[in-house]
Amino acid sequence: MKNVKAILITGVAGFIGSNLLDFLMEETDWQITGVDNFSTGGKSNIEEHLSNTRFRFLEQKVSQIDSIKGYDVIFHLAALPRIQPSFELIREHVDANLNEALFLIEKMVEENHYPRLVYSGSSSIYGNPKKTPTDENEPIKCMNPYAFQKYEVEKYLEMLNERYPLNYVTLRYFNPYGPRSFNPDNPFNAYSSVVGIFMHRKKMGQPLLITGDGSQRRDFIHVRDVAAANYAAAVVDGKPNTAFNIGQGTTISVLELAQMISDDYEFIPARLGEADVTHADISKSQVELNWSPKELLGKFV
């Protein structure tokens, strides 16, 4: 997509949002507006950009945005991105993960303005897949409310596209990790990326806590690669109106990960609603988005 000039990032002060902001400030000359209500993010994550004239920050919810006219691309990252709390704080998660996305779509229809929407989806919608590596045609099996809310947005985009000229890309992330993934002041920090949790506990001199027997396998993707995938989704030509897996394409068990980081670890009870394995088939992203991961897990642990 050519002539991108002005973009909006929702959830800009969060883990992925702030890393996307860093990437776009480095790699583009775009004018960037960021929105965040600090429900999970922090002002310190975007502090270095606040004085830059290319960046405008609005402390508010997505549903308080007055207009989306003038934006060429919207990156929708605002969410409550944790599985276990989605079982408990039901309405808050529906509001954050479903209603805020629908607000943006309604704005497009109301204003008859359809910028490229890059939607942050989740590989959690696959549940325990029958096929690994898992491609985008895998049957959906949501095992928790968070996954279901993420998939609901995908289905709304798919159905509403039959009536309105939407222009969207859904990115299904597989276990992002990297700078700012763990925030000890975040009330949901117990459910942050296990890489971030393990690194924090090692720093604090605490044993790593492994759920179950640690045999569950995960496909971890560095947030810098996630940011690059968002950029690729923003500039790809045409109207893709489809979903792409964003992962490393390899797996490691949680026990193996712990042993890479520390020899001081303990086992705790397994948690319900989480998959045994996540392993992305990324061939579609490589071909259609011209994107491939560049960062390796071993460099960061």
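Residues numbered from 1 in each chain as written. Predicted model: local features only at pLDDT ≥ 70, side-chain atom pairs only at ≥ 80, totals over all residues. Heavy atoms only, no water.

Participant: Honestly, the side chain of Gln216 in this entry has me stumped. Any pointers?
Facilitator: Among the secondary structure elements, Gln216 is positioned in the loop between β8 (208–211) and β9 (217–218). On the accessibility criterion, Gln216 (14% relative accessible area) is buried. At 3.3 Å, the side chain of Gln216 forms a polar contact with the backbone nitrogen of Gly214. Those residues in contact with Gln216, other than ones at most four positions away along the chain, are Thr211, Ile252, Ser253, Val254, Ala275 and Asp276. (Helix = DSSP H or I, 4+ residues; strand = E, 2+ residues; numbered from the N terminus. Buried < 20%, exposed > 50% of the residue type's maximum accessible area, 1.4 Å probe, protein only. Polar contact = N/O pair within 3.5 Å; in protein donor to acceptor, adjacent residues only side chain to side chain. Contact = heavy atoms within 4.5 Å.)

Participant: Please clarify how the pattern of salt bridges should be interpreted in this entry.
Facilitator: It is possible for side chains of opposite charge to pair when their charged atoms get near one another. Inspection of the entire model under this criterion finds 10 salt bridges. Its salt-bridge partner being Lys155, residue Glu158 comes within 3.0 Å of it at the nearest N-O pair. Of this pair, Glu158 and Lys155 both sit in helix α4 (residues 145–160), 3 residues apart, which is roughly one turn of that helix. Overall, the relative accessible area of 43% leaves Glu158 in the partly exposed class. Lys155 gets classed as partly exposed once you look at its relative accessible area, which sits at 26%. Members of the salt-bridge network, linked through shared partners, are Glu26, Glu27 and Arg224. (Salt bridge = Lys/Arg side-chain N within 4 Å of Asp/Glu carboxyl O.)

Participant: Help me understand the packing of aromatic side chains, please; the structure alone is not making it clear to me.
Facilitator: When we look at a pair of aromatic rings, we describe it by the centre distance and by the angle of the planes. The full count for this structure, using the stated rule, is 7 aromatic pairs. Arranged with centres 6.1 Å apart and planes meeting at 50°, the rings of Phe23 and Tyr231 form a pair that is tilted. Taken together, the residues span a long stretch of sequence, with Phe23 in helix α1 (residues 15–27) and Tyr231 in helix α6 (residues 223–235) at a distance of 208 residues. According to the relative accessible area criterion, Phe23 is buried, its value standing at 8%. Classification of Tyr231 as partly exposed rests on a relative accessible area of 29%. Above the face of the Phe244 ring, Lys284 is positioned so that its terminal group lies 4.9 Å from the ring centre. (Phe/Tyr/Trp six-rings, centres within 6.5 Å; stacked < 30°, edge-to-face > 60°. Lys NZ or Arg CZ within 6 Å of the ring centre and 35° of its normal.)

Participant: What exactly am I supposed to notice about the sheet that holds strand β5 (residues 116–122) here?
Facilitator: The 7 strands lie next to each other as β3-β2-β1-β4-β5-β6-β11, forming an open sheet whose pairing is parallel. With one partner strand each, in any of the chains shown, β3 (55–59) and β11 (242–246) form the two edges of the open sheet. Sheet twist, expressed as the mean angle between neighbouring strand axes with direction ignored, is 20°. Two elements, strand β4 (residues 73–76) and β5, share 4 bridges in a ladder whose sense is parallel. Looking at the pairing, His76 lines up with Tyr119 of β5. On the sheet, α1 packs against β1 (6–10), β2 (31–36), β3, β4 and β6 (168–173) and is oriented at approximately 160° with respect to β1. (Pairing = 2+ DSSP bridges. Axes fitted to C-alpha atoms, helices over the stretch in contact; angles between N-to-C directions.)

Participant: In this structure, what is going on with the environment of Gln60? I would like to understand it.
Facilitator: Among the secondary structure elements, Gln60 is positioned in the loop between β3 and β4. Overall, Gln60 belongs to the buried group, its relative accessible area being 18%. Residues Gln60 and Ile105 lie 45 residues apart in sequence; the distance between their C-alpha atoms is 18 Å. Aside from chain neighbours lying at most four places away, what touches Gln60 is Val35, Asp36, Asn37 and Ile65. Only 3.3 Å separates the side chain of Gln60 from the backbone oxygen of Gln64, close enough to count as a polar contact.

Participant: I tried to follow the side chain of Ser285 on my own but got confused; where do I start?
Facilitator: By secondary structure assignment, the location of Ser285 is in helix α8 (residues 283–288). Other than its neighbours up to four places away in sequence, Ser285 contacts Glu136, Phe244, Asn245, Ile246, Asn290 and Trp291.

Participant: Would you take a moment to explain α1 for this structure?
Facilitator: Residue pairs three or four apart in sequence face the same way in an α-helix, which turns once every 3.6 residues. With 13 residues, α1 should reach 18 Å at 1.5 Å per residue; the first-to-last C-alpha distance of 19 Å fits that figure. Counting buried positions over the 13 residues of α1 gives 11, a clear majority of the element. By the burial criterion, the buried members of α1 are Phe15, Ile16, Gly17, Ser18, Asn19, Leu20, Leu21, Asp22, Phe23, Leu24 and Met25. (Expected span 1.5 Å × (residues − 1).)

Participant: So what exactly am I meant to see when it comes to helix α7 (residues 254–261) here?
Facilitator: Where α7 is concerned, the buried positions are Val254, Leu257, Ala258 and Ile261. Around the axis of α7, the buried residues are gathered within 100° of arc, so they sit on the same side. The secondary structure elements touched by the buried residues of α7 are α5 (194–203), β8, β9 and β12 (252–253). (Arc of directions from axis to C-beta.)

Participant: How should I be thinking about the pairing of β6 in this particular structure?
Facilitator: Two faces make up the sheet, and in a regular strand the side chains alternate between them. Burial within β6 is extensive, with 6 of its 6 residues counted as buried. By the alternation rule, side chains of β6 split into Tyr168, Thr170 and Arg172 and Val169, Leu171 and Tyr173, which are all buried. Traced from β5 through α4 to β6, the parallel crossover comes out right-handed. Two elements, β6 and β11, share 5 bridges in a ladder whose sense is parallel. (Right-handed = clockwise from strand over helix to strand, strands pointing away.)

Participant: So what exactly am I meant to see when it comes to the environment of Ser39 here?
Facilitator: Looking at where Ser39 falls in the secondary structure, it is placed in the loop between β2 and β3. You can call Ser39 partly exposed: its relative accessible area is 39%. Measuring from C-alpha to C-alpha, the distance between Ser39 and Asp264 comes to 32 Å, with 225 residues separating the pair along the chain.

Everything listed here is a matter of geometry and, on its own, says nothing about what the molecule does.
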